[in-house]
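# Fold and contact review
Spelled out from the first residue to the last, the chains are:
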Amino acid sequence: MLNHDFIGLGVAGNFAGHLEQAGEAADFVKVKTESAVQPKAIFPFYVPSQQLDESEGFLSVYPISHDRLQFPQNADNLQIEPEIALICDVQYDKTSQKVTALLPTHFAAYNDCSIRRPNAHKICEKKNWGADSKGISANWIALNGFATGSNIDDYHIACFHQRNGVLTEYGIDSPAAEYSYFHQQLLDWIVDKMNHQPDQDPMNDIAKLLKQANFPSKAVISIGATRYTEFGEKNFLQVGDVSQVVVYNSKKYSHSQIVEMAEQMHFAQDISALVQKVV
């Protein structure tokens, strides 16, 4: 399980169409990418350090919960972001202090719950508003590799919203393999951003944050939110709602079986499910 010594990072723009649905595509107009499908940037959501600059100090608050979401003050446009998170070992070069490799060991259902703030200066300003503002399933699934054909390729990401006992699909059930960048291509790209991403426009200097956190050996990396259903795109969370993000083996379970489990809020032990009550 997680202690508080990891760095928390997210990937922005790694699922076609999500940024446009979330109204965030304009945030990345100045961010140059090598291709149309390349993710836009990585962002921090948690940095285990008391040495952060004043403008980034909020990132030192541990934000992850397994069962609740704390509704933010002064905001009412809160959306579920259904994702897979990778739990990774981080390797560094001792001389240069650069990241040399990310080694994923597990994956899990993750909610990169976000406040839609059109005028936010940085991506991270939408991501951590205090304790219980993020979610990861307590049930991690061990990876047998992270190359094409490894076990994660068989998994789908589903997302549901429940209000007053009514369950509605919030995210489009999506195969993990539909991520724009995946497998080693994704890891190599993240490593490059950890070492070289500038503090510019919506981005943070991740290398500086790693140094301020004394080079954490673990990282939790959410690798991108899927597309919303029409309901998910237009409906925001309220106190009392229940958010569910479900990562399941599509060769073992059908989508209809997952819907039945979501209605009961009870999932098989080999499913990574994150069920959070908004409080």
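Structural data are supplied above this passage.
Below is a summary of the structure that appears in this document. Small disclaimer: the values here were computed from a predicted structure and weren't measured.

Calculation rules
Residues numbered from 1 in each chain as written. Predicted model: local features only at pLDDT ≥ 70, side-chain atom pairs only at ≥ 80, totals over all residues. Heavy atoms only, no water. Helix = DSSP H or I, 4+ residues; strand = E, 2+ residues; numbered from the N terminus. Expected span 1.5 Å × (residues − 1). Buried < 20%, exposed > 50% of the residue type's maximum accessible area, 1.4 Å probe, protein only. Contact = heavy atoms within 4.5 Å. Pairing = 2+ DSSP bridges. Salt bridge = Lys/Arg side-chain N within 4 Å of Asp/Glu carboxyl O. Phe/Tyr/Trp six-rings, centres within 6.5 Å; stacked < 30°, edge-to-face > 60°. Disulfide = S-S within 2.5 Å.

Turning to helix 2 (residues 183–196), a few remarks are in order. In a regular helix each residue adds 1.5 Å, so 14 residues correspond to 20 Å; helix 2 covers 20 Å between its end C-alpha atoms and thus fits that length. Buried within helix 2 we find His 183, Leu 186, Leu 187, Trp 189, Ile 190, Val 191, Lys 193, Met 194 and Asn 195. Those residues of helix 2 hidden inside the fold are in contact with strand 1 (7–12), strand 2 (41–46), strand 6 (82–92), strand 7 (99–111), helix 3 (206–212) and strand 13 (218–222).

Let's shift gears to the pairing of strand 12 (residues 166–175). Where strand 11 (residues 155–163) lies against strand 12, 7 bridges are found, and the strand directions are antiparallel. If you follow Gln 162 over to strand 12, its bridge partner there is Leu 167. Connecting strand 11 to the next strand, strand 12, in antiparallel fashion are 2 residues, including Asn 164 with a positive phi near 50°.

Under the counting rule described, the total for this entry stands at 14 salt bridges. In this structure, the salt-bridge partner of Arg 163 is Asp 241, at a minimum N-O distance of 2.7 Å. Taken together, the positions of Arg 163 in strand 11 and Asp 241 in the loop between helix 4 (230–234) and strand 14 (242–249) put the pair 78 residues apart, joining distant regions of the chain. On the basis of relative accessibility, which here comes to 2%, the residue Asp 241 falls in the buried class. A salt bridge links Glu 178 to Arg 227; the shortest N-O distance between them is 3.7 Å. Highlighted residues: Glu 178 in the loop between strand 12 and helix 2 and Arg 227 in the loop between strand 13 and helix 4, separated in sequence by 49 residues. Classification of Arg 227 by relative accessible area gives partly exposed; the value is 25%. If you follow the salt bridges from partner to partner, you end up with Glu 81, Asp 112, Arg 116, Lys 127 and Lys 134 in one network.

In this section: the packing of aromatic side chains. Each aromatic ring pair is described using two quantities: the centre-to-centre distance and the angle formed by the ring planes. Evaluation of the coordinates by the stated rule reveals 12 aromatic pairs. With centroids separated by 6.4 Å and ring planes inclined at 80°, the aromatic side chains of Tyr 181 and Trp 189 adopt a geometry described as edge-to-face. The class for Trp 189 is buried, based on a relative accessible area of 6%. One aromatic cluster is present, formed by Phe 15, Phe 146, Tyr 179 and Phe 182 through successive ring pairs.

Here the focus is the sheet that holds strand 4 (residues 68–69). Read from one edge of the open sheet, 5 strands run 4-15-14-11-12, paired in mixed fashion. Single-partner strands in this sheet number two, and they are strand 4 and strand 12. Here 2 bridges tie strand 4 to strand 15 (residues 272–278), and the two strands are oriented parallel to one another. Of the residues in strand 15, the one forming a bridge with Arg 68 is Lys 277.

Next up on the list: the state of the cysteines. Under the counting rule described, the total for this entry stands at 0 disulfides. With no disulfide of its own, Cys 113 lies 9.6 Å from the sulfur of Cys 159, the closest cysteine sulfur. On the accessibility criterion, Cys 113 (0% relative accessible area) is buried. Not engaged in a disulfide, the cysteine Cys 124 finds its nearest cysteine sulfur in Cys 113; these two sulfurs lie 16 Å apart.

The next point concerns the pairing of strand 11. Buried residues dominate strand 11, accounting for 8 of its 9 residues. Examined bridge by bridge, strand 11 and strand 14 share 8 bridges and lie antiparallel to one another. Directly across from Ile 157, in strand 14, lies its bridge partner Val 247.

Among all residues except glycine, the phi angle is most often negative; among peptide bonds, the trans geometry is most common. Positive phi is not limited to glycine here, since Asp 132 has a value of about 60°. With respect to the element layout, Asp 132 can be found in the loop between strand 8 (114–115) and strand 9 (134–136). By relative accessible area, Asp 132 is classed as buried at 17%. Not every positive phi belongs to a glycine, and Asn 214 is a case in point at roughly 60°.

So yeah, pure geometry; function would need other evidence.
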